[in-house]
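As a plain string of letters, each chain reads:
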Amino acid sequence: DYGEVISKDGGTDFTESVSFSTPGTYYITVSSCNNYGSTTGNYVVVNVGEQTVTFNPNGGTVSPASKSVTYGSTYGSLPTPTRTGYTFDGWYNYIFNGGTFENAQVDGSFVSLGRDYMFTDKIALHVEAYQSDWSTFSGQLISCTEGGGWGMGYFADSNGAGPGADVFIEGVGYKHVTFGYRSLPSGWHTFDLVFDGSNLIGYVDGAEKDRVATGGTKIHYNASNGIFIGAEAGTDTTTPISNYFTGKIGCVLISHADTICGQITDRSVVNAASDHSLYAKWTKNTYTLTYNPNGGSGAPASQTGNGTVTLSKTTPTRSGYTFKNWNTKADGGGTGYAPGASYDLTADVTLYAQWTPITLSSIAVKTLPTKTTYEIGESFNQNGLTLTATYSDGSTKVITSGFICSGFSSTTAGTKTVTVTYEGKTTTFTVTVNPAPVTLSSIAVKTLPTKTTYNIGESFNPSGLTLTATYSDGSTKTISSGFTCSGFSSTTAGTKTITVTYEGKTTTFTVTVTSPQVNPEPTVNIRNFTANKTVDYKATVTFTAEVKNAVSGAAVHWFVDGKDACTGDKYTVTKAKKSYTVQVKYIKDGKVLAESGVESVDVKTGFFAKLTAFFRSIFGALPKVVQGYFGVEVIDKMLP
């Protein structure tokens, strides 16, 4: 670069010193000529002075962002970056970290790194990858193998070695190490490939897996291809040719080193020939999200992760409470999250269940009491009453006890509203109190039976018996049937008390039972008739009947000269002028029960008798001298 020419003829070795006043990268060309004029040449690269190293925080933050370093010297003090949710693992000649390549063969996902990091004399590759089933592994993890370079993945190279890694050694060709991908268990694994200038060494999960001698000292690269993560390199730096990896790639490191990718520390020697970058390597932290039931039970299992997680939809339970949500503070003073919500998990955290007390919202009558109709004065009976209690969580419960009923009164008739109270809630229902019934207060005999006198052996006859019923409302009613009579017996004579019962009430009256008698036949005669067989002329005579063993309803009839003259106990004949007969008969209903003999009454009809009757009618008496002086016929004519 300085245009300085150094000449030396003859010989094979020479030594020359060159000084540089400005830091930088210099190319020194050495040419030689032979006797035939042919010239051959080569060049060497010389790095001189300070370089600027830039710190790429790779998703985090760092200060300072860069520093000056000297080639061949140590890096010295390095800053420590920070990144939420990650742990810093050191500075590396870092290429890629944190990418994901799922179903890459479908969406064509890959990362192109261009032509940087194509180290020739030594190189260390580090790849972290995930497969749920490594037995089906295929594709390329990283590649720049089109016509040279190196790669990791499943392929059949020119050596037919199968899955592993290979490097194209200049002057030799591809050299291969085997990784045995398809025998690995499910999950994440690390793969390292190191070319140290004479050997190619493969590592799986930090342990050496395979080693081969390369037979050469340099890696050969195609002049136009590039480096691709997740796909096989093509013939340019932008388009892979296929063979996409279908798992996940978490970290890729490419270091200019002869051992497993080493971390750049403050004691590491700067071997970059120009300004370069160091990349922060991160390990994603795994945080634990714990669910605290906060007085309940059945909390979901803890979750682990980093970044956005979906909260469990499982909710705990607590007697007497309804689950409300999760909260970052036990007292609910933090941030609340619903089950199934997204949560940014960037640190260990405990979410506390929040509870809402289950309260009674309302009550309603489910089943009415067995008794809903009452009479005046009856007490309330709540037997059979049940309630439906509805709570704030929408649940219901049948309540059979513990409630209070109020508002019932049976002092008056009507519809009564009963209020039921349970745990501060009320509901109502109605019952009926019937009006007081009109009841029978007493009974009394209104009309005695027609027959009140009985002979021994006769049966009782209530015909004609009526009662007066008096009721609680003061009304009365004549009862002529529906009652019963008891207490009568005609086995003995005497006064018998008859008890009359009607609708639970009683009254009494008496009847008489007499001994049976043989009634003699009735007789009738004319009393003292012998004194009246002969009577004076025109004398007034009164006859008296004498009846023995009288019969009810029978009458005395007087027959004069065979004719029924009159009835009655006595019969008077006035001023009889001739004799006559008289007879008395005892008759009932046209039937002659008894009769006297026919008696004759002789009326004196001689002169003197007539004279006597004349003077007697005038003077009350007749002198005897008169009787002899007048003849009887004269006197008879004189008499009326």
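No experiment lies behind these values; they were computed from the predicted model shown. (Residues numbered from 1 in each chain as written. Predicted model: local features only at pLDDT ≥ 70, side-chain atom pairs only at ≥ 80, totals over all residues. Heavy atoms only, no water.)

Caption draft 1: Examining the overall build of the protein more closely. A tally of helices and strands in the protein yields 4 helices and 48 strands. Out of the 640 residues in the protein, the part that is buried amounts to 36%. Contacts in the protein between residues far apart in sequence, at least 24 positions, make up 57% of those at least 6 positions apart. As presented, the protein carries roughly 34000 Å² of accessible surface, and 47% of it is formed by carbon and sulfur atoms. (Helix = DSSP H or I, 4+ residues; strand = E, 2+ residues; numbered from the N terminus. Buried < 20%, exposed > 50% of the residue type's maximum accessible area, 1.4 Å probe, protein only. Contact = heavy atoms within 4.5 Å. Areas by Shrake-Rupley, 256 points an atom, 1.4 Å probe, with all protein chains shown as cover.)

Caption draft 2: Just the confidence of the model for the protein, in detail. In the predicted model, the protein carries a mean pLDDT of 84, and 84% of its residues have values of at least 70. For residues 98-108, every residue scores under 50 in pLDDT, and the model assigns this stretch 28 contacts once sequence neighbours within four places are set aside. pLDDT under 50 marks residues 625-640. Its contacts with residues more than four places away, or in other chains, come to 30 contacts. (pLDDT = per-residue confidence, 0-100.)

Caption draft 3: Structural view of the sheet that holds strand 39 (residues 505-514). What the 4 strands build is an open sheet, ordered 34-39-38-37; its pairing is mixed. Looking at which strands have only one partner, the edges of the open sheet turn out to be strand 34 (453-455) and strand 37 (484-486). Taking the axes of each pair of neighbouring strands and ignoring which way they run, one obtains an average angle of 35° across the sheet. (Pairing = 2+ DSSP bridges. Axes fitted to C-alpha atoms, helices over the stretch in contact; angles between N-to-C directions.)

Caption draft 4: The arrangement of the pattern of salt bridges in detail. Per the stated rule, a full pass over the model turns up 9 salt bridges. A salt bridge links Lys451 to Glu458; its shortest N-O distance comes to 3.5 Å. Among the residues examined, Glu458 registers a relative accessible area of 29% and is labelled partly exposed. A salt bridge links Arg527 to Glu546; the nearest nitrogen and oxygen atoms lie 3.8 Å apart. Pair noted here: Arg527 is in the loop between strand 40 (523-526) and strand 41 (534-535) and Glu546 is in strand 42 (residues 541-548), with a separation of 19 residues, a long-range link. Given a relative accessible area of 41%, Arg527 falls into the partly exposed group. Through salt bridges that share partners, Asp89, Glu128 and Lys281 make up one connected network. (Salt bridge = Lys/Arg side-chain N within 4 Å of Asp/Glu carboxyl O.)

Caption draft 5: Quick look at the nonpolar core. Counting 33 residues, the largest nonpolar core has Leu141, Ile142, Trp150, Met152, Phe191 and Ile254 as the members making the most contacts within it. The set of elements that each furnish at least two residues to this core consists of strand 8 (123-131), strand 9 (139-143), strand 10 (150-154), strand 11 (164-169), strand 13 (187-195), strand 14 (199-204), strand 16 (227-229) and strand 17 (248-255). Filtering out sequence-adjacent residues up to four positions away, Ile142 remains in contact with Val127, Trp150, Gly151, Met152, Ile227, Phe228, Ile229, Val252 and Ile254. Listed in part, the 25 residues of the second largest apolar core include Phe543, Ala545, Trp558 and Tyr580. (Core = buried A, V, L, I, M, F, W, Y, C linked by side-chain atoms within 4.5 Å.)

Caption draft 6: Fine view of the sheet that holds strand 35 (residues 466-471). Strand order across the open sheet formed by 3 strands is 33-35-36, with antiparallel pairing between neighbours. Of all strands in the sheet, those with a lone pairing partner are strand 33 (440-447) and strand 36 (476-479), marking the two edges. Pairs of neighbouring strands in the sheet enclose a mean axial angle of 25°, with direction left out of account. Across 4 bridges, strand 35 lies against strand 36 in antiparallel orientation. Pairing of Leu467 across the sheet is with Ile479, part of strand 36.

Caption draft 7: The arrangement of the packing of aromatic side chains in detail. In this structure the tally under the stated criterion is 29 aromatic pairs. Ring centres of Phe88 and Trp91 lie 5.5 Å apart, and the angle between their planes is 65°; this geometry places the pair in the edge-to-face category. Take Phe88: its relative accessible area is 24%, and that puts it in the partly exposed class. Considering the side-chain rings of Phe380 and Phe408, the 5.4 Å spacing of their centres and the 45° angle between planes classify their relative orientation as tilted. With Phe380 in the loop between strand 27 (373-375) and strand 28 (386-391) and Phe408 in the loop between strand 30 (404-406) and strand 31 (414-422), this pair connects stretches of sequence that are 28 residues apart. Residue class for Phe380 comes out partly exposed when judged on its relative accessible area of 24%. Chaining the aromatic ring pairs together yields one cluster made of Trp134, Phe137, Phe179, Tyr181, Phe191 and Phe245. (Phe/Tyr/Trp six-rings, centres within 6.5 Å; stacked < 30°, edge-to-face > 60°.)

Caption draft 8: Spatial organisation of the environment of Thr54. Tracing the chain through its elements places Thr54 in strand 3 (residues 50-56). In this structure, the C-alpha to C-alpha distance between Thr54 and His276, residues 222 residues apart in sequence, is 6.3 Å. Apart from the residues within four sequence positions on either side, Thr54 is in contact with Ala65, Ser66, His276, Ser277 and Leu278.

Caption draft 9: Region of interest: the side chain of His256. Note on placement: His256 falls in the loop between strand 17 and strand 18 (276-284). Side-chain polar atoms of His256 contact the side chain of Asp121, separated by 2.7 Å. (Polar contact = N/O pair within 3.5 Å; in protein donor to acceptor, adjacent residues only side chain to side chain.)

Caption draft 10: Geometry of the environment of Asp331. Along the polypeptide, Asp331 turns up in the loop between strand 22 (321-327) and strand 23 (336-337). Its relative accessible area of 65% is what places Asp331 among the exposed residues. Sequence separation between Asp331 and Ala353 is 22 residues, and the spatial gap between their C-alpha atoms is 9.4 Å. Within the local environment of Asp331, its side chain forms a polar contact with the backbone nitrogen of Gly333, the two atoms lying 2.9 Å apart.

Caption draft 11: Spatial organisation of the environment of Thr259. Summarising the element assignment, Thr259 is placed in the loop between strand 17 and strand 18. Its relative accessible area of 46% is what places Thr259 among the partly exposed residues. For Thr259 and Leu125, which are 134 residues apart along the polypeptide, the C-alpha to C-alpha distance reads 9.4 Å.

Caption draft 12: Examining unusual backbone geometry more closely. The step from Ser63 to Pro64 runs through a cis peptide bond, and the omega angle for that step is 0°. Here Pro64 lies in the loop between strand 3 and strand 4 (66-70). A positive phi is found at Asn58, a non-glycine position, where the angle reads about 50°. As for its position among the elements, Asn58 is in the loop between strand 3 and strand 4. Here Asn58 falls in the buried class, since its relative accessible area comes to 17%. Of note in the backbone geometry, Asp561 takes a positive phi value of approximately 50° without being a glycine. With relative accessibility at 44%, the residue Asp561 sits in the partly exposed group.

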